[in-house]
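Examining the three-dimensional arrangement
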Amino acid sequence: MEVSCINCKHTTQIDLNFEVNTYACTNCVFVYKNQDGFKVKDQFRPYSFDEKLEVGQEGVFNDKNYIITGILVKDNQGFEWTEYILQSKEDYLYLSEADGHWIVLEEITLAENVGNHPATVEYNDITFDCYDYCYPKLLAARGFFDFDIFEKSELIEYINPPLLLSFEKLGKQQTVFLGKHISKRAIKKAFQTSILPTKRGVGLVQPFLFNLRDLAIILCTVALLILISNWYLNKDRIKTDVLDTQIPFDHYGVKDFVSPSFVLKGSAAPLSISLYSPVDNSWANVQVALVNENNGEEIYASKDIEYYHGYTDGENWAEGSNSENFNLCGVPAGKYHLTITPSKAVEDRSSSFVQVKATWSAPSSRNVWLISIIMIGFLIVVYYFEKNFEIKRWSDSSYSPYNNE
């Protein structure tokens, strides 16, 4: 169809699959109605269509090509949104945009009458909650329409994010649309454009970042698997003393002490080493190597034992200790032995030995419970964020379940 505006002389040409009732110029504010030929029906106040899609613009949805045939800009008490009508060779599709949030809709058949605005509506075993109803005001339009765009209608919306049931009532006639949130990225890809409105606030059926129920199930499952894995890996493991001996300095000052071999079973755990030497105003040093006899890998550590004391300025003082403790962390199961090299100060005559005790720790559930607490905390944080998100979504609805909070 080709139509020329008598006001601005702009011509619009587009292939249509329907009989046109109303035409709104795509360049100015004049509106025409088909009454034995298009005649001027009315005109809108000037309106800017910046950052909006255009009549005749093509988009791809579900691998089908659609073309925009009509655009309606509507308002309800200061809240404004834009409706796009798209046609393909076989069917129609509808887009709704408000504050940069997009919904794609298809007309469906649903016999339920919502004229009395019931609190919920069922469709395909999904319960939709009444969000609001209004009598929208038409602010602007462009394109071709098979109905009188000025006819007053009632809009009743039910939501179950990311889904929407939209009822449009013209007198006793009711048209129902099933909508679903669609991302801005998907709209850009469909129309190959980057000029779209900026997102603000929370969309009518914009989904929250997480599905709280699914997230809770996933985290509970993960926690259960961690608990079971921790039990299975450690069910045969007990606290094991692998070495408890005195090593004389004079005997092992020129060679290493090599412990008997020992086998560790179960999941990785720290190997705790305790040292004691009766040093007095002196020091001793112990170098430890844990040798994995299965693969030859070695873990080294070195520790000083220092103890000094005296009397200065009328006060007794002491520094250090005869004992030291340290861990070789994350020691996995395997066959090992310890190689120990002790040394002390040359002038030290009071200490003759170093006591070395090595213990492979008993199973600990600390990390398991720590992870579980973190997951529970994360779930609680997500719950409060989701609640705040929903409060914002329902803030403009007189049916908000949060009105009493």
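Structure: see above.
Notes on the structure follow.

So, on to the side chain of Glu386. Within the secondary structure layout, Glu386 lies in helix α4 (residues 366–393). The side chain of Glu386 is buried and forms no salt bridge, while Arg393, the nearest opposite charge, is found at 7.3 Å. Beyond its immediate chain neighbours, meaning those up to four positions away, Glu386 contacts Phe208, Phe210 and Leu212.

What follows deals with the packing of aromatic side chains. Summed over all chains, the structure comprises 21 aromatic pairs. When the ring of Phe44 is compared with that of Phe150, the centres are 5.5 Å apart and the planes differ by 25°; the resulting orientation is stacked. Linking Phe44 in the loop between β5 (38–43) and β6 (58–61) with Phe150 in the loop between β13 (137–145) and β14 (154–160), this pair joins segments that are 106 residues apart in sequence. By relative accessible area, Phe150 is classed as partly exposed at 30%. Ring pairing ties together the aromatic residues Tyr23, Phe30, Tyr32, Phe38 and Phe144, which thus form one cluster. If you follow Arg142 out to its NZ or CZ, it ends over the ring of Phe49, 4.1 Å from the centre. Over the face of the ring belonging to Tyr135 we find Lys152, whose NZ or CZ atom lies 5.3 Å from the ring centre.

Think of a sheet as strands paired side by side through backbone hydrogen bonds, with each pair either parallel or antiparallel. Taking strand neighbours across the sheet as the criterion, the four strands line up as β17-β26-β20-β24 in an open arrangement whose pairing is antiparallel. A single partner strand is all that each edge strand has here, and the edge strands are β17 (240–248) and β24 (323–331). The sheet shows a mean angle of 15° between the axes of neighbouring strands, direction not considered. Here β17 pairs with strand β26 (residues 353–360) via eight bridges, running antiparallel. Paired with Leu243 across the strands is Ala358, a residue of β26.

This structure, assessed with the given rule, holds nine salt bridges. Salt-bridge contacts for Lys74 lead to Glu83; the nearest nitrogen and oxygen are separated by 3.2 Å. Here Arg213 makes a salt bridge to Asp214, at a shortest N to O gap of 3.9 Å. Residue Asp214 is classed as partly exposed on the basis of its relative accessible area of 37%. Here the residues in one salt-bridge network are Lys64, Glu90 and Asp91, joined through shared partners.

The next subject is unusual backbone geometry. Between Pro161 and Pro162 the backbone carries a cis peptide bond, its omega angle lying at 10°. Here Pro162 is to be found in the loop between β14 and β15 (163–170). Positive phi is not limited to glycine here, since Gln192 has a value of about 50°. Looking at the secondary structure, you find Gln192 in the loop between α1 (184–191) and α2 (212–234). Phi is positive for Asn281, which is not a glycine, with a value near 55°. Within the fold, Asn281 resides in the loop between β20 (269–276) and β21 (282–292).

Thresholds applied
- Residues numbered from 1 in each chain as written.
- Predicted model: local features only at pLDDT ≥ 70, side-chain atom pairs only at ≥ 80, totals over all residues.
- Heavy atoms only, no water.
- Helix = DSSP H or I, 4+ residues; strand = E, 2+ residues; numbered from the N terminus.
- Buried < 20%, exposed > 50% of the residue type's maximum accessible area, 1.4 Å probe, protein only.
- Lys, Arg positive; Asp, Glu negative; His and termini not counted.
- Salt bridge = Lys/Arg side-chain N within 4 Å of Asp/Glu carboxyl O.
- Contact = heavy atoms within 4.5 Å.
- Phe/Tyr/Trp six-rings, centres within 6.5 Å; stacked < 30°, edge-to-face > 60°.
- Lys NZ or Arg CZ within 6 Å of the ring centre and 35° of its normal.
- Pairing = 2+ DSSP bridges.
- Axes fitted to C-alpha atoms, helices over the stretch in contact; angles between N-to-C directions.

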